[in-house]
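Structural overview for review
This is what each chain is made of:
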Amino acid sequence: MAATMKKAAAEDVNVTFEDQQKINKFARNTSRITELKEEIEVKKKQLQNLEDACDDMMMLDDEDSILIPYQIGDVFITHSQDETHEMLEEAKKNLQGEIEALESRVESIQRVLSDLKVQLYAKFGNNINLEADDS
């Protein structure tokens, strides 16, 4: 009988307004991390495309003085090989900076999540599930 009362007491934890705010913050940050990770993957694919374009340009003969189309927005503009290579390198550098910024944001949000996880598990124990579903 004592074990039943102990189990009922464990399941009967009161959720205060502050606790609910922490749970909501955890949910928002978890959602934001998912969005940021997806954005990082998109940027990494774009970076890979730029690297592939640089590799393809290296295969061209230097003697070929052909103009290479480079897409800016919805328009293709032709440039020399050197100009196009410089533009690709600049685009790669900018994209790498964006990826690093996004990754640092993910790390800072993960620190906040781990802190919230500690606080919420300390209060609710096994009565709350804060683990991500891998489905």
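Under an unreviewed UniProt entry, the protein chain has the name Prefoldin subunit 4 and belongs to Gopherus evgoodei. Under the UniProt heading Function (unreviewed entry), the entry covering the protein chain gives this text: "Binds specifically to cytosolic chaperonin (c-CPN) and transfers target proteins to it. Binds to nascent polypeptide chain and promotes folding in an environment in which there are many competing pathways for nonnative proteins." The annotation that UniProt attaches to the protein chain under Subunit (unreviewed entry) is "Heterohexamer of two PFD-alpha type and four PFD-beta type subunits. Interacts with URI1; the interaction is phosphorylation-dependent and occurs in a growth-dependent manner."

A few words on the overall build of the protein chain. On a plain count of helices and strands, the protein chain comes out with three helices and two strands. Shown N-terminal to C-terminal, the secondary structure of the protein chain runs as helices and strands in the order α-α-β-β-α. In the protein chain, buried positions account for 22% of the 135 residues. Taking contacts inside the protein chain between residues at least 6 apart in sequence as the whole, the part at least 24 apart equals 66%.

Turning to its location among the elements, Asp 61 is positioned in the loop between α2 (17-58) and β1 (68-72). Since its relative accessible area comes to 48%, Asp 61 is described here as partly exposed. As for Asp 61 and Gln 81, which are separated by 20 residues in sequence, their C-alpha atoms are 9.9 Å apart.

Turning our eyes to something else, we now look at the pattern of salt bridges. When the charged atoms of two side chains with opposite charge come close together, those side chains can pair. All told, the structure shown has eight salt bridges when counted by the stated rule. Ionic pairing is found between Asp 19 and Lys 123, a salt bridge with its closest N-O pair at 2.5 Å. Residue Asp 19 is located in helix α2, and its partner Lys 123 is located in helix α3 (residues 81-124); the two are separated by 104 residues in the primary sequence. For Asp 19, a relative accessible area of 6% gives the class buried. A relative accessible area of 36% places Lys 123 in the partly exposed class. For Glu 98, the salt bridge goes to Lys 43, with nearest N and O atoms at 2.7 Å. Highlighted residues: Glu 98 in helix α3 and Lys 43 in helix α2, separated in sequence by 55 residues. Accessibility expressed as a relative area gives 17% for Lys 43, which makes it buried.

What follows covers the pairing of β1. Direction of pairing for β1 relative to strand β2 (residues 75-79): antiparallel, over a ladder of five bridges. Each bridged residue has a counterpart across the sheet, and for Gln 71 the counterpart in β2 is Phe 76. Counting the residues between successive antiparallel strands, the hairpin from β1 to β2 contains two residues, one of them, Gly 73, with a positive phi of roughly 70 degrees.

Assignment of secondary structure puts Arg 28 in helix α2. Between the C-alpha atoms of Arg 28 and Leu 113, which are 85 residues apart in sequence, the distance is 10.0 Å.

Moving on, we get to the UniProt feature "coiled-coil region" (unreviewed entry) in the protein chain. Following the UniProt record, the feature "coiled-coil region" (unreviewed entry) maps to residues 33-60 and 85-119 here. Secondary structure across residues 33-60 comprises 93% helix and 0% strand; the distance between its end C-alpha atoms is 41 Å. Each end of residues 85-119 is marked by a C-alpha atom, and these two atoms are 51 Å apart; helix forms 100% of the span and strand 0%.

Parameters at a glance
Counting of residues starts from 1 at the beginning of each chain's written sequence and follows it residue by residue. It should be noted that, the model being predicted, local features are given only for residues of pLDDT at least 70 and side-chain atom pairs only at 80 or more, the latter also being counted only at that level, while totals for whole chains, interfaces and linings use all residues. Calculated side-chain values reflect all of the structure's heavy atoms, with hydrogen atoms and water omitted. UniProt positions are given in the numbering used here, feature names are shortened, and annotations may be inferred rather than shown by experiment. Starting at the N terminus, helices and strands are each numbered in turn, a helix being any DSSP run of H or I of at least four residues and a strand any DSSP run of E of at least two. When a residue's accessible area, from a 1.4 Å probe over protein chains only, is under 20% of the maximum for its type it is buried; when over 50% it is exposed; and in between it is partly exposed. Here a residue-residue contact requires only that any non-hydrogen atoms of the pair lie within 4.5 Å. When a carboxyl oxygen of Asp or Glu lies within 4 Å of a side-chain nitrogen of Lys or Arg, that pair is called a salt bridge. Paired strands, in this sense, are two strands between which DSSP finds at least two bridges.

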